[in-house]
Amino acid sequence: MTPGSPVPATRAPLTAAQVAERMSRGESNLIESRTSRSFGEIFRANAFTRVNGIYLVMLLLILGTGYFIDGLFGLLIIVNSVVGMVQEIRAKRTLDRLALLSKAPARVERAKGVSEIDVEHLVLDDVVLVAAGDQIPVDGEVLDATGFEVDESLLTGESEPVLAGAGYELKSGSFVAAGSASFRATAVGEHAFAARLAKEASEFRKPSSQLRAGIDQILKYVTWALIPVGVLTIVNQIWGHAEDWRNAVRGLVAALVPMVPEGLVLMTSVAMAVGVIRLGRRHCLVQDLPAIEQLARVDVVCTDKTGTLTEDGMRVGAVERLGEADDRIEGALAAIGRAEGKPNASMAAILEHVGDVPALPVHTSIAFSSARKWAAMQTADVATGAVESWVLGAPDVLLAVGDATRTRSDALASEGLRVLALARTASALPDAEADGDGLPDGLVASALVILDQRLRAEAPGAIAYFAQQNVAIKVISGDNAAAVGAIAAEAGVPDGRNAVDARTLDPESAHFDAEVQGRTAFGRVTPTQKRAMVHSLQGDGHVVAMTGDGVNDVLALKDADVGVAMGSGSPAARAVSRIVLLDNSFATLPHVVAEGRRVIGNIERVATLFLTKTLYSILLALLVAVTAVPFPFLPRHVTLIAWFTIGIPAFFLALAPNTARAQEGFVRRVLDAAVPGGIGAALASYGAYLTARAVFGTDHSERVLTSSTGFLALVIVAFFVLITVARPFRPWKVGLVGAMIGGMLVVILTPLGSRVFDVDLHDPRAVLIACAFGATGIAVRFGARAVLRGIYGAVSRRRVRREAEART
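Because the structure is a prediction, the values reported are computed rather than measured.

Positive charge collects at one region of the surface, where Arg 797, Arg 798, Arg 799, Arg 801 and Arg 802 lie side by side. Mapped onto the elements of the fold, Arg 802 is located in helix α28 (residues 764-807).

Right, let's talk about the sheet that holds strand β16 (residues 472-476) for a bit. With mixed pairing, eight strands are arranged side by side in an open sheet as β8-β21-β20-β19-β9-β16-β18-β17. The open sheet has two edge strands with one neighbour each: β8 (284-286) and β17 (500-501). Looking at chain direction, strand β20 (residues 562-566) and strand β21 (residues 579-581) are connected through three bridges and run parallel. Counted as the bridge partner of Met 566 is Leu 581 from β21. The sheet strands contacting helix α19 (residues 527-539) are β9 (300-303), β16, β18 (521-523) and β19 (544-548), and the helix crosses β19 at an angle near 160°. Helix α22 (residues 588-627) contacts β8, β9, β19, β20 and β21 of the sheet and is inclined by roughly 145° relative to β21.

Here we take up the pairing of strand β4 (residues 139-151). Of the pairings in the sheet, the one linking β4 to strand β7 (residues 175-187) comprises ten bridges and is antiparallel in character. For Val 150, the partnering residue across the bridge sits in β7 and is Val 176. As judged from the two bridges shared by β4 and strand β6 (residues 169-170), these two strands associate in the antiparallel manner. Looking at β6, one finds that Glu 141 is bridged to Glu 169. Pairing of β4 with strand β5 (residues 162-163) involves two bridges; the strand directions are antiparallel. Counterpart to Glu 149 in the pairing with β5 is Leu 163.

This next bit is on α19. The first and last C-alpha atoms of α19 sit 19 Å apart over 13 residues, in line with the 18 Å expected at 1.5 Å per residue. Buried within α19 are the following residues: Pro 527, Gln 529, Lys 530, Ala 532, Met 533, Val 534, Ser 536 and Leu 537. The inward-facing, buried residues of α19 abut β9, β16, α18 (512-518), β18, β19 and α20 (554-559). Remark: Gly 541 follows α19 within two positions and exhibits a positive phi of approximately 90°.

Turning to helix α25 (residues 703-726), a few remarks are in order. Between the first and last C-alpha of α25 there are 34 Å, a value that for 24 residues agrees with the 34 Å anticipated at 1.5 Å per step. Of all 24 residues making up α25, 19 are buried, and the element is well covered by its neighbours.

Moving on: the sheet that holds strand β14 (residues 418-425). Read from one edge of the open sheet, six strands run β10-β15-β14-β13-β12-β11, paired in antiparallel fashion. What marks the edges here is a single partner per strand, and that holds for β10 (315-321) and β11 (364-369). Strand-to-strand twist across the sheet, computed as the mean angle between neighbouring axes with direction ignored, equals 15°. Summarising the sheet, β11 and strand β12 (residues 374-380) pair through four bridges and their orientation is antiparallel. Note on β12: the bridge partner recorded for Ser 365 is Met 377. On top of the sheet, helix α11 (residues 329-338) reaches β10, β12, β13 (387-393), β14 and β15 (444-452); it is set at about 75° to β13, its chief contact. Of the strands in this sheet, β10, β11, β12, β13, β14 and β15 are in contact with helix α12 (residues 345-354), which crosses β10 at around 70°.

Let us look at the side chain of Ser 707. If you trace the backbone, Ser 707 turns up in helix α25. Not counting chain neighbours up to four residues away, the residues in contact with Ser 707 comprise Pro 632, Phe 633, His 637 and Tyr 689.

The next thing to look at is the packing of α22 against helix α24 (residues 666-696). Viewed as axis vectors pointing N to C, α22 and α24 meet at an angle of 40°, and their least axial separation amounts to 7 Å. Judged by the inter-axis angle, α22 sits oblique to α24. Relative to α24, α22 is oriented so that their crossing is right-handed. Class assignment of the residues belonging to the contact of α22 with α24 gives a composition of 18 nonpolar, six polar and two charged.

What counts and how
Residues numbered from 1 in each chain as written. Predicted model: local features only at pLDDT ≥ 70, side-chain atom pairs only at ≥ 80, totals over all residues. Heavy atoms only, no water. Patch = residues over 30% accessible without salt bridge, like charges linked within 9 Å, V, L, I, M, F, W, Y side chains within 5 Å. Areas by Shrake-Rupley, 256 points an atom, 1.4 Å probe, with all protein chains shown as cover. Salt bridge = Lys/Arg side-chain N within 4 Å of Asp/Glu carboxyl O. Lys, Arg positive; Asp, Glu negative; His and termini not counted. Charge placed at Lys NZ, Arg CZ, Asp CG, Glu CD. Helix = DSSP H or I, 4+ residues; strand = E, 2+ residues; numbered from the N terminus. Pairing = 2+ DSSP bridges. Contact = heavy atoms within 4.5 Å. Axes fitted to C-alpha atoms, helices over the stretch in contact; angles between N-to-C directions. Expected span 1.5 Å × (residues − 1). Buried < 20%, exposed > 50% of the residue type's maximum accessible area, 1.4 Å probe, protein only. Parallel < 35°, antiparallel > 145°, perpendicular 65-115°, else oblique. Left-handed = near helix turned anticlockwise from the far one by under 90°. Nonpolar A, V, L, I, M, F, W, Y, C, P; charged D, E, K, R; others polar.

In short, the description is geometric, and any link to function would need to be established separately.
If you want it as structure tokens, here you go:
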């Protein structure tokens, strides 16, 4: 204990009565923590939307006219609300269930003994036991500690672990980097540091999403266009024509309703919610929806070796004794292993191997740290005062270059084995507070502990998938570089055998970025180096996913674009990751990436359909208002077109398989596809409508015929846009488009359908006019797209030229 530090509290575990008393007073760690919105919030968020409000006003106007069939679009209010609610509730249940499975219990010492309980059941003054990899669940004061180091980087930003002795004030939300300790809870629930910090920061903050930002930008453009066009339409329909007010209102509603891209946000939410459900079935917990989107953009996957590419468990294959046989080797291994509060996989295997062998008496111990790569203990002879230190760790850290034992360990590591050296010396261990990272002098190897690591059966298939998808793999591990190279090569990582020893890399050097970019396997990487590698890849424009399971991965997991933790990994790793693979299967990761690509790619398709409708509706309304002619369509016509060319096909296309990697420029690509189609459809419909008025006359009796002509021309172009969006064709897509065209024909050609939807195409001239202008609209679409691409190209070339001039 350092001078001036507070005197630690006495150790007095709570009785059951004391626990009950504190629970009754509300002094427990119970905090209202939700993985998603409540059912009431889900209902309000989906029912009371701006789009539903607009549609409700339009519906009331139509119902006031008495033409109830024209109010069919009002069904969209129900559809928008119900579909969104159903999918979000299903996603909520999946998230709640998986989040419950991923929670780590707390170890607590009470009067009846040590037990594991849910963190919510901790109470004030509880004695909590923690070890390496645990997250501190409540604030507390350290009672006793063994090589105890705390990582407070998530709270303070300080990346270096803090050596915490008796009396140290722990903050909830920090992690145990090394060693073990017991502490008394001094603040729980909403009074704990992490809970206060979260409350002060914000109640809820959505993670950034390029997709959401792109859609918001598009909707902003649409809103700018809606206001002036809507005003012109109102003036034209209400005051510009001396016709029955009911027909004017019908024309007004028919013009305004399709301008709202009502399904775009809905389909985005549905696609992401379905993604959560699908991944949930694969035991994958998605901590936030934008993580799915970000995975679609990943082009580099950095993965740890132990526990990720290899199996979780290890076993001691052999202990090679060096020099004279020493019967104290097992005792030393037992002493070092049992000093760990929560042994890692290697220590657990060693403890299993030594079994009930009596441990050597321990005077001082230093817990294992991924930064040091060793653990140690010291014995002392009470009578003579002689000391002896034993150190267990990486051979290339403990032993000098050229040492025969190190050469032997390198040969074993090159075969994919994990090797630890046990060395001893007559020197004392360094003072943990003054020089906790320094090794004692005079170390001599006593034994090599050889651990068997087994490559996960699914790892080669996952690596092959990423290679096919042009996603680079980087194996970044704290293990011996030769062992990392052997496992990487066995898994099929390109050039994985030539692993780099990260001790030769300096993140501050000029060559660091080139090494990280050019090599695929790295050994002896420290936690700070892992984070520096992630930053290097991001600085080169890559979208990086980092997978890991240990405390040494936390910094890199936190800073990667997408952190992916194994479910059996440390609570620290799970807490900072955006995705948790609860089944610990690396093979799940390709499915996660594929799901992200499916969501993003399909939303782009769906956005093209909805925005094409919005654009042709705005342009058509503008043309009609400027030329002061009655709006050609009724609300029922608009509803019919929306059903068969957008709504129904969009639902299926949003859930279709899609493996294309998401690219930058979502807004530009969507507008590039939607604007030409919108222009072509608007001009085709308007031209056919005006021509029909010229041919058939402008009498009210001919209204149905002239409207039907414009309607058919619009349908032709709309279906062409649907066909282009549905590419590349698959049998089910051909069937979907065929069913939509067939459904439309049934409606407009059967007596019942034509009467209900007010469509009349009995005159062959109307069909010929519509087909001619439909073909013209398709040609206009191609011409407009060529012009837009020419403009984009010129702008891009100008930008590149300006950037080149700026560099020179």
